[in-house]
Amino acid sequence: MKVSHSLRLVTALTLAAGFFLAGCSSDQKADTADHTHDHAEVHISDAWVKAADEGMTGAFASMENDTDKTLNITKVSSSVSTETQLHETVTKSDHSSMMQEVTDGFTLKSGETMLLEPGGNHIMLMNLEKPLLPGDEVTFTLHFDDESTQDFTAVVKEFEGANESYESHGKKH
């Protein structure tokens, strides 16, 4: 059986249109995925970790709640330490500073920005698994009260300050 030239042309054009539409559909999905990624629960900026050879260190950043609801960060985790805590720095009656764990977590109201900074709220990395050297990157996972999570990365930097004492279960560190 002989196939006419016009039937071959129609078949080729139909196949080409199918490939073109499939390509457009694929691009649209990729664009939607990228757009969703831009709407993170918390916008993290200026994230960094104080360099340390061993023991413990702090992590700092600016965290902005970009949602229309209050967010409760219940904990944070990282693979570079065996224990990671949310901390605040309090001033004692003798005017010295002391860090302590915030057991209720951090609450960010809609549109609110919280600074994690030396001498204030911060993330404490305890029992480091390895030295954290300037230029290294550390990945953290924020855990929310609705059981969702969000990752962010912080760069390790030299910093001479933030040498507050730490009290855990009545023991000073």
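Here the residue numbering is sequential within each chain, running from 1 through the sequence in written order. Where totals are concerned, whole chains, interfaces and linings use all residues; where local detail is concerned, this predicted model gives features only for residues with pLDDT of at least 70, and gives and counts side-chain atom pairs only at 80 or more. In computing side-chain values, all of the structure's heavy atoms are included and hydrogens and water are not.

Draft legend 1. Molecular detail of the overall build of the protein. Strands are runs of DSSP state E lasting at least two residues, helices are runs of H or I lasting at least four, and both sets are numbered from the N terminus onward. Helices and strands together make up the secondary structure of the protein, namely one helix and 12 strands. Within the span of the protein, comprising 173 residues, buried residues form 34% of the whole. Note on contacts: a residue pair qualifies if any of its non-hydrogen atoms lie within 4.5 Å across the two residues. For the protein, long-range pairs separated by at least 24 residues make up 66% of all intrachain contacts whose partners lie at least 6 apart in sequence. Accessibility throughout is a Shrake-Rupley quantity obtained with a 1.4 Å probe, and a residue counts as covered only by protein chains that appear here. Carbon and sulfur atoms form 51% of the exposed surface of the protein, whose accessible area is close to 11000 Å². Remark: exposure states derive from per-residue accessible area (1.4 Å probe, protein chains only) relative to the maximum for the residue type, with buried under 20%, exposed over 50%, and partly exposed in between.

Draft legend 2. The pairing of strand β3 (residues 71-77), seen in detail. When β3 meets strand β6 (residues 106-108), the two strands line up antiparallel, connected through three bridges. Within the sheet, the bridge partner assigned to L71 lies in β6 and is L108. Of the strand pairs in this sheet, β3 and strand β9 (residues 137-144) are connected by four bridges, and their pairing is antiparallel. Within the sheet, the bridge partner assigned to S77 lies in β9 and is T141. Any two strands with at least two DSSP bridges between them are considered paired.

Draft legend 3. Quick look at the packing of aromatic side chains. Centres within 6.5 Å make a pair out of two Phe, Tyr or Trp rings, where for Trp the six-membered ring is used; the pair is then stacked when the planes are under 30 degrees apart, edge-to-face when over 60, and tilted otherwise. Across all of its chains, the model carries three aromatic pairs by this definition. A ring pair is formed by W48 and F60, whose centres lie 4.6 Å apart and whose planes are at 40°; its orientation type is tilted. Of this pair, W48 sits in strand β1 (residues 42-50) while F60 sits in strand β2 (residues 57-65), placing them 12 residues apart in sequence. The pair W48 / F60 is uniform in exposure class, with both members buried. Arranged with centres 5.2 Å apart and planes meeting at 65°, the rings of W48 and F159 form a pair that is edge-to-face. In this pair, W48 sits in strand β1 while F159 sits in the loop between β10 (149-157) and β11 (165-168), placing the two residues 111 residues apart along the sequence. Judged by its relative accessible area of 31%, F159 is partly exposed. Through a chain of ring-to-ring contacts, three or more aromatic side chains come together here, namely W48, F60 and F159. Positioned above the aromatic ring of W48 is the side chain of K157, whose terminal nitrogen or guanidinium carbon lies 4.7 Å from the ring centre. Placement of a charge over a ring requires the Lys NZ or Arg CZ to be within 6 Å of the ring centre, with the centre-to-atom vector within 35 degrees of the ring normal.

Draft legend 4. Fine view of the environment of F144. One can find F144 in strand β9. On the basis of relative accessible area, F144 is assigned to the buried category, the value being 4%. Separated by 69 residues in sequence, F144 and K75 have C-alpha atoms that sit 7.2 Å apart. When sequence neighbours within four positions are dropped, the list of residues in contact with F144 reads E41, V42, L71, N72, I73, T74, T149 and Q150.

Draft legend 5. Spotlight on the side chain of T141. Following the sequence through the fold, T141 ends up in strand β9. Any pair of nitrogen or oxygen atoms within 3.5 Å is treated as a polar contact; in protein, a donor-acceptor pairing is required on top of that, and neighbouring residues in sequence qualify only through side-chain atoms on both sides. Here the side chain of T141 touches D151 through a polar contact of 2.6 Å, side chain to side chain.

Draft legend 6. Quick look at the confidence of the model for the protein. The predictor's confidence in any single residue is recorded as pLDDT, a number from 0 to 100. Looking at the protein as a whole, its pLDDT mean stands at 79, while 69% of the residues score no less than 70. Here residues 9-39 scores under 50 on pLDDT; set against residues more than four positions off or in separate chains, the count is zero contacts.

Draft legend 7. Summary view of the nonpolar core. Here, the term nonpolar core denotes a set of buried Ala, Val, Leu, Ile, Met, Phe, Trp, Tyr and Cys residues that are joined through side-chain atoms within 4.5 Å. V49, M63 and F140 are the most contacted members of the largest nonpolar core, which totals 30 residues. Among the secondary structure elements, those contributing two or more residues to this core are β1, β2, β3, β6, β7 (113-116), β8 (122-128), β9 and β10. Once residues lying within four places of it in the same chain are set aside, the contact partners of M63 are V42, H43, I44, I73, F106, L108, E112, T113, M114, L116 and L142.

Draft legend 8. Representation of unusual backbone geometry. One non-glycine residue, D46, lies in the positive phi region at around 55°. Mapped onto the elements of the fold, D46 is located in strand β1. When its relative accessible area of 64% is taken as the criterion, D46 is described as exposed. The phi angle at N127 is positive, at roughly 55°, despite the residue not being glycine. Positionally, N127 belongs in strand β8.

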